[in-house]
Amino acid sequence: MPHAPDQLSRFLLPDAGVRGVVVSLDQAWRDLTAHADNPPAVDELLGEAAAAAALFTAHAKVEGRLSVQLRSAGALRTLFAECTAAGTLRGIAQLDEAQPAPTRDLTALGADAVLAITIENPARGGQDPLRYQGLVGLDAGSLAEAFEGYFRQSEQLPTRLLLACDGQRAAGLMLQKLPGDAGDDDGWNRVGILFDTLREPELLGLSAADVVHRLFHEESPAWLGDKPMRFACSCSRDRVAAMLVSLGRGEADAAVEAGGGEAQVCCEFCGQQYRFDAGAIAELFHDAAREMPAAGLQ
């Protein structure tokens, strides 16, 4: 049976009419959080979100990237995890340091908290990317329960989901009933009973192959394919330069002054530092002015 750290694996339970996907994030998870200093509960939520984002790419039509994002006015301001079609991951949590550290209980975030799944696929012909966003209800205490409710109510797709994270690893297992009349009449119920015997420590401690074998060996699981997973950030000097230009010359010059002669920008996802001195800022805006078409010319 296939297994490797940092891998996403899809499988089928043909008699039950159920498809599944399991992900383990080892070094990818450690790289994702290498530059963060989050409380344990926040790291656990971020790991669960990263595992969920990876799982959701397995069955959705993702050619670009899929993200899971939680925003609230509570102690956990932002929770963001993103997985691309190529299997790269990144994520971040932002806290309100003035409030007590958050717990894993989503209901404690307040009534204004919003959780969303967003898919962004590249467009054809140079047009803007195609975006699809689904809002997830937050009447459940955990991310897994919230996402199960979303797929059941919004997508009309019965789903079971277990997410787990500790200090060294994040993992997830998702089952979905195949659309239509696939499988025998008792398949979904039977598989659900087996799913309920799995606990977070087992999901984290066993290999993907061992998890599926332990639960579903009598269902004759068929493996459909694997994808390696890794941490990667999409930041670059060119992107930071474009951001500075978008702020305007006054803001960029102020950043140089505040930085003691350099505008300093640190990527929150990977910790990479980008520095622009006064000469570099002047060159950025000079180049930007040259690229702008002259007013009134066709």
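Shown above is the structure to which this text applies.
Computed from a predicted model, the values in this text were never measured in an experiment.

Draft legend 1. Representation of the pattern of salt bridges in the model. This structure, assessed with the given rule, holds 16 salt bridges. Between Glu48 and Arg104 there is a salt bridge; the shortest N-O distance is 2.2 Å. Placement of Glu48 in helix α2 (residues 40–56) and of Arg104 in the loop between β5 (88–95) and β6 (114–121) is noted, with a sequence separation of 56 residues between them. Under the relative-accessibility criterion, Glu48 is labelled buried at 3%. With a shortest N-O distance of 2.7 Å, Asp196 and Arg160 are connected by a salt bridge. Residue Asp196 is found in the loop between α4 (187–195) and α5 (200–205), and its partner Arg160 is found in strand β8 (residues 159–165); the two are separated by 36 residues along the sequence. With relative accessibility at 22%, the residue Arg160 sits in the partly exposed group. The network of salt bridges with shared partners includes Glu44, Glu48, Arg104 and Glu200.

Draft legend 2. Summary view of the state of the cysteines. Inspection of the entire model under this criterion finds 0 disulfides. Summary of cysteine pairing: Cys83 is not part of a disulfide, and the nearest cysteine sulfur, belonging to Cys233, is at 14 Å. On the accessibility criterion, Cys83 (1% relative accessible area) is buried. Here Cys233 stays free of any disulfide, with the sulfur of Cys267 as its closest cysteine sulfur at 3.5 Å. Of the residues examined, Cys233 reaches a relative accessible area of 23% and is grouped as partly exposed.

Draft legend 3. Summary view of the packing of α2 against helix α3 (residues 143–153). Contact geometry of α2 with α3 gives a least axis separation of 10 Å together with a crossing angle of 30°. As judged from the angle between their axes, α2 and α3 are roughly parallel. Counting all contacts with α2, which are made through Leu45, Glu48, Ala49, Ala52 and Phe56, the residues of α3 involved are Leu143, Phe147 and Phe151. Considering only residue class, the contact of α2 with α3 consists of 7 nonpolar, no polar and 1 charged.

Draft legend 4. Unusual backbone geometry, seen in detail. Despite not being glycine, Gln156 has its phi angle at roughly 55°, a positive value. Here Gln156 lies in the loop between α3 and β8. Phi is positive for Ser220, which is not a glycine, with a value near 50°. For Ser220, the position within the fold is in the loop between α6 (208–216) and β10 (222–228).

Rules used in this analysis
Residues numbered from 1 in each chain as written. Predicted model: local features only at pLDDT ≥ 70, side-chain atom pairs only at ≥ 80, totals over all residues. Heavy atoms only, no water. Salt bridge = Lys/Arg side-chain N within 4 Å of Asp/Glu carboxyl O. Helix = DSSP H or I, 4+ residues; strand = E, 2+ residues; numbered from the N terminus. Buried < 20%, exposed > 50% of the residue type's maximum accessible area, 1.4 Å probe, protein only. Disulfide = S-S within 2.5 Å. Axes fitted to C-alpha atoms, helices over the stretch in contact; angles between N-to-C directions. Parallel < 35°, antiparallel > 145°, perpendicular 65-115°, else oblique. Contact = heavy atoms within 4.5 Å. Nonpolar A, V, L, I, M, F, W, Y, C, P; charged D, E, K, R; others polar.

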